[in-house]
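# Report on the structure
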Amino acid sequence: MSTYVISDIHGCCNEFLSMLEKIRFSESDNLILAGDYIDRGKQSYEMLKWLEQCLPNVLLLRGNHEEEI
């Protein structure tokens, strides 16, 4: 079991999903997403859809880009 922290995804959903594959993220791991999921990149909608369906072992924190929207 590992714990990972990722922030500043900024709508780069494909890159985010590639990172999860690279670290072999699983249900036995924990993931802390430290905000700024959207804005700037071209895949903010896709990122929001992923967040909407994320696993219970993912902790979502709000960043300043979420505050602005």
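Residues numbered from 1 in each chain as written. Predicted model: local features only at pLDDT ≥ 70, side-chain atom pairs only at ≥ 80, totals over all residues. Heavy atoms only, no water.

## Considering the pairing of strand β1 (residues 3-6)
For β1 and strand β2 (residues 30-33), the ladder comprises four bridges, and the chain directions are parallel. Directly across from V5, in β2, lies its bridge partner I32. Viewed along the sheet, the connection from β1 through helix α1 (residues 13-22) into β2 turns out right-handed. (Pairing = 2+ DSSP bridges. Helix = DSSP H or I, 4+ residues; strand = E, 2+ residues; numbered from the N terminus. Right-handed = clockwise from strand over helix to strand, strands pointing away.)

## So, α1
Restricting attention to buried positions, one finds in α1 the residues C13, F16 and L20. Each buried residue of α1 sits inside an arc of 60° when the element is viewed along its axis, so together they form one side. Facing away from the buried side of α1 by more than 90 degrees, the exposed set consists of E15, E21 and K22. Those residues of α1 that are buried are in contact with β1, β2 and α2 (44-52). Positive backbone phi, approximately 55°, marks R24, located one or two places after α1. (Buried < 20%, exposed > 50% of the residue type's maximum accessible area, 1.4 Å probe, protein only. Arc of directions from axis to C-beta. Contact = heavy atoms within 4.5 Å.)

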